[in-house]
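# Breakdown of the fold
Residues per chain are reported as follows:
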Amino acid sequence: MIKLFCILNLFCALTIGCLTFAGTKDSGGDPYVQQFIDLGAKLSLFYKENPYHLDLPFDANKFSKKVEELDLSIKQESAKLEFTDEKLADDKGIEKPALFNKKTEHIRVNRTAWRNFTLEERLIQVMLEVSGLIETPLRYETASRLLEGRAKLIVSIPLRDTKERYQMHGWRVDGEDPGQFSEITDRDLLIDGDVMGSMSIENKQSVDFLKNPMAYPKMLNQMAQAWADGRRAFLLFHSLGGDRASISSLYLRRSSQAKDGIELHAYTLVFKKIRQIYTGPCAGHLNSLDRLKQCYLDSNSYLAKDDVSYAFLKKDSTDEDIIRATKKVFYELYHSLLFSFAQNQEVLIEALRDHFVTDYSPVIWSGNDRQVMEAGVRAHHLIPSLTGPFDSSNFWMKVEKNDDRAVRLYEAAHAMAELGLVYDDHNLHCSRLDADHPSFKGPIVIEREILERYYAARKCGRFLMGSDFEENLFDALVRRGFWYDPKMGAWKIEKLKSAFDEEASR
């Protein structure tokens, strides 16, 4: 039996060695808590520096003070901010990604919803909850107006705070790292996955290891031995030229769910170059440790975002339980890296251009345009691959199998584009514009020109919350009079119904 399994089953003996790098005390070991606080701090600075330009409907100092109170509650172990795996619902039973309690001033956030949010959606969520605690009117409309299109600007704001967590100490990544990557040395286990898509032996083996860890007992045993020795285990990848990179910390920690269990974690930072100053060493051949030190772990040159996957194991877990948990964590890590390297917006745009695929993503008004791009590439028989071949379209390779789901979504976008229609999400609310343009709400397929008039008059507020995008889109198309012909792989229509008529009939 692989040594890893023995170590997991005997975790009590490894508590000191394996659980010493479970995260910072301030965030309770949950990196999402620290993310929420850091984004709140950046929002506070953004509001304080732009009170008149933004026409704030609340006191920026009051917002900042509330964020500081949340941060202080975490440090004093009376946390008023909690991330949970439970589904959250308001008093009316409507599922929400987060809830705040004005009486107790407590915020709860669904971990899965947060993980799936874009950076802008996370900022919006932080603002919604904090502004709720300070009783800001029209929170949804305010969040959309203040934050839309400004996510990168806000996140780039340096946190000029004297608190230790806002300072660069050694290899700490400002605002992102909960302690996992501090003081990495050559004593730790650092598996270098080399250049993504290069088809090198190191890259292929490391990627295949993530896809099927049980097929690589030697690499699993290396990690297990590192944990047993009190060392850390990391997995590093980078793109050709060093524009993008990732480092994943794989570790064990005491379970937050039960005293008699542990959690197997993969905590990943994905780095994206923000300054084109490393044309030399980071594009060349460096050993893994030097590349980390000289290139990625520098927040002045690379912007980092994080992702977490984990599995819970009870003390009496069977070998089958352990195998299942290990596969789950590695599978989620693989798909996280697949998204970061091969399915990010920039690579998708390049793939669409290089393969002469029409980009219909503008028909999606908010939040899901990347999914339409991906559907376009997949509909043309291209799938992402982290092991190559690396070519002009970055990580996409040709296959014969038809992706019916991608075709259906891509053809829906095509049909809307031809008729000048756009789709907006299920949390869209637009108030009456004039006698001919009543109030309505999403999800809705509507003429672009009409929707733009509502937005220009500031009659709409929206907030994407991660519902079933495709199902809502298809339902909205059907209400306008479309139907899908699976044999032809196309959306058809006999007569286009009015957006307002179908809205009134709901």
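All figures in this text were calculated on a predicted structure; none of them were measured in a lab. Every chain's residues receive numbers from 1 upward, in the order its sequence appears when written. The model is predicted, so local features are restricted to residues of pLDDT at least 70 and side-chain atom pairs to those at 80 or more, both for listing and for counting; the totals for chains, interfaces and linings are taken over all residues. For the side-chain quantities, the full set of heavy atoms in the structure was used; hydrogens and water were omitted.

## Considerations on the side chain of Ser 64
Tracing the sequence through the fold places Ser 64 in helix α4 (residues 60-75). A relative accessible area of 5% places Ser 64 in the buried class. Throughout, a contact is declared for two residues whenever any of their heavy atoms are within 4.5 Å. In contact with Ser 64, not counting residues within four places along its chain, are Ser 44 and Lys 48. Per the convention used, a helix needs a DSSP run of H or I reaching at least four residues, while a strand needs a run of E reaching at least two, with both numbered from the N terminus. Relative accessibility decides the category of a residue: with a 1.4 Å probe and only protein chains considered, values under 20% of the type maximum give buried, values over 50% give exposed, and everything between is partly exposed.

## Observations regarding the side chain of Asp 424
Position of Asp 424 among the secondary structure elements: in strand β13 (residues 421-424). A relative accessible area of 0% places Asp 424 in the buried class. Think of a polar contact as two N or O atoms within 3.5 Å of one another; within protein, one of them needs to be a possible hydrogen donor and the other a possible acceptor, and neighboring residues in sequence only count if both atoms come from side chains. Separated by 3.0 Å, the side chains of Asp 424 and Tyr 455 make a polar contact.

## Section: the packing of aromatic side chains
Here a pair means two rings of Phe, Tyr or Trp (six-membered ring of Trp) with centres within 6.5 Å. Their orientation is stacked below 30 degrees between planes, edge-to-face above 60, and tilted elsewhere. A full pass over the atoms with the stated rule returns 18 aromatic pairs. For the ring pair Phe 474 and Trp 491, a centre distance of 5.3 Å and an interplane angle of 35° mean the geometry is tilted. With Phe 474 in helix α17 (residues 469-479) and Trp 491 in strand β19 (residues 490-493), this residue pair connects regions lying 17 residues apart in the sequence. Here the two residues Phe 474 and Trp 491 agree in accessibility, since each one is buried. Note on Tyr 484 and Trp 491: the rings are 5.2 Å apart at their centroids and 50° apart in plane angle, and the pair reads as tilted. Here Trp 491 falls in the buried class, since its relative accessible area comes to 9%. Through a chain of ring-to-ring contacts, the aromatic side chains of Tyr 32, Phe 36, Phe 83 and Trp 114 assemble into a single cluster. Residue placement shows Arg 408 over the ring face of Phe 474; its charged tip is 4.3 Å from the ring centre. The rule for a charge over a ring is simple: NZ of Lys or CZ of Arg within 6 Å of the ring centre, and within 35 degrees of the ring normal.

## A few points about the pattern of salt bridges
Just to be clear on terms, a salt bridge is a Lys or Arg side-chain nitrogen sitting within 4 Å of an Asp or Glu carboxyl oxygen. Tallied over the full model, the rule gives 20 salt bridges. Ionic pairing is found between Lys 66 and Glu 69, a salt bridge with its closest N-O pair at 3.0 Å. Pair noted here: Lys 66 and Glu 69 are both in helix α4, with a separation of three residues, about one helical turn. Judged by its relative accessible area of 10%, Lys 66 is buried. Here Lys 80 ties to Glu 105 by a salt bridge, and the two come within 3.9 Å at their closest N and O atoms. In this pair, Lys 80 sits in the loop between α4 and β1 (81-84) while Glu 105 sits in the loop between β4 (98-101) and β5 (106-110), placing the two residues 25 residues apart along the sequence. Each of the salt bridges in this network shares a partner with another, and the network as a whole consists of Lys 66, Glu 69, Lys 80 and Glu 105.

## Let's talk about the sheet that holds strand β17 (residues 460-461)
Should DSSP find at least two bridges between two strands, the strands are taken to pair. With respect to topology, three strands assemble into an open sheet ordered β15-β14-β17, the strand pairing being antiparallel. Lying at the two open borders of the sheet, with one neighbouring strand each, are β15 (440-441) and β17. Looking at chain direction, strand β14 (residues 429-430) and β17 are connected through two bridges and run antiparallel. Across the sheet, the residue bridging to Cys 430 is Cys 460, located in β17.

## Brief notes about the sheet that holds β4
If you trace the three strands from one edge of the open sheet to the other, you get β1-β5-β4, paired in mixed fashion. The strands lining the two open edges of the sheet, one partner per strand, are β1 and β4. Between one strand axis and the next, the sheet turns through 15° on average, direction left out of account. When β4 meets β5, the two strands line up antiparallel, connected through four bridges. Bridged to Phe 100 within β5 is Ile 107. Every angle, taken between N-to-C directions, lies between 0 and 180 degrees, and every axis is a line fitted to C-alpha atoms, over only the stretch in contact when it is a helix.

## So, the pairing of strand β9 (residues 261-273)
Of all the 13 residues making up β9, twelve are buried; the element is thus mostly covered by neighbouring parts of the structure. By the bridge criterion, eleven bridges tie strand β8 (residues 244-254) to β9 in an arrangement that is antiparallel. Within β9, the position partnered with Ser 249 by the bridge is Tyr 267.

## Brief notes about the pairing of strand β18 (residues 482-485)
Pairing of β18 with β19, which is carried by four bridges, proceeds in the antiparallel orientation. Among the inter-strand pairings, Asp 485 is bridged to a residue of β19, identified as Ala 490. Here β18 hands over to β19 after four residues, with Gly 489 in that stretch at a positive phi of 65°.

## Here's the deal with the environment of Ser 200
By the secondary structure assignment, Ser 200 is in the loop between β6 (189-195) and α9 (201-211). In terms of polar contacts, Ser 200 uses its side chain to reach the side chain of Asp 194, at 2.8 Å. A distance of 3.1 Å separates a polar side-chain atom of Ser 200 from the backbone nitrogen of Asn 203.

## Looking at the packing of helix α6 (residues 119-133) against helix α7 (residues 139-147)
Where α6 contacts α7, the axes come no closer than 10 Å and their chain directions differ by 135°. In terms of axis orientation, α6 runs oblique to α7. Crossing angle aside, the handedness with which α6 passes α7 is right-handed. For the pair α6 and α7, contact is made by Glu 120, Leu 123, Ile 124, Met 127, Leu 128, Glu 129, Ser 131 and Gly 132 and by Arg 139, Tyr 140, Thr 142, Ala 143, Leu 146 and Leu 147, respectively. Residue type decides the class: Asp, Glu, Lys and Arg count as charged, Ala, Val, Leu, Ile, Met, Phe, Trp, Tyr, Cys and Pro as nonpolar, and the leftover types, Gly among them, as polar. Its residues assigned to classes, the contact of α6 with α7 shows eight nonpolar, three polar and three charged. The scheme is simple: roughly parallel for angles under 35 degrees, roughly antiparallel for over 145, roughly perpendicular for 65 to 115, oblique for anything else. Helix crossings fall into two classes, left-handed where the near helix is turned counterclockwise from the far one by less than a right angle and right-handed where it is turned clockwise.

## Structural notes on helix α10 (residues 217-228)
For a helix, the expected span equals 1.5 Å multiplied by the number of residues minus one. In this model, α10 (twelve residues) spans 16 Å end to end at C-alpha, consistent with the 16 Å of a helix rising 1.5 Å per residue. Along α10, the positions that sit buried rather than exposed are Met 219, Leu 220, Met 223, Ala 224, Ala 226 and Trp 227. For α10, the arc enclosing every buried residue in end-on projection is 160°, short of the 170-degree limit, so these residues lie on one face. Taken from the residues just after α10, Gly 230 is the one with a positive phi, measuring 75°. Directions from the helix axis toward the C-beta atoms define the arc.

## Observations regarding the environment of Ile 383
Examined against the element boundaries, Ile 383 turns out to sit in strand β11 (residues 382-384). A relative accessible area of 28% means that Ile 383 is categorised as partly exposed. For the pair Ile 383 and Val 399, spaced 16 residues apart in sequence, the C-alpha to C-alpha distance is 7.1 Å. Contacts of Ile 383, omitting those with residues within four sequence positions, involve Arg 378, Phe 395, Trp 396, Met 397 and Val 399.

## Considerations on the confidence of the model for the protein
For the protein, per-residue confidence averages 78 on the pLDDT scale, and residues scoring 70 or more make up 78% of the total. Predictor confidence is given residue by residue as pLDDT, running from a minimum of 0 to a maximum of 100. Of the regions scoring below 50 in pLDDT, residues 160-176 engages in 51 contacts with residues more than four places distant in sequence or in other chains.

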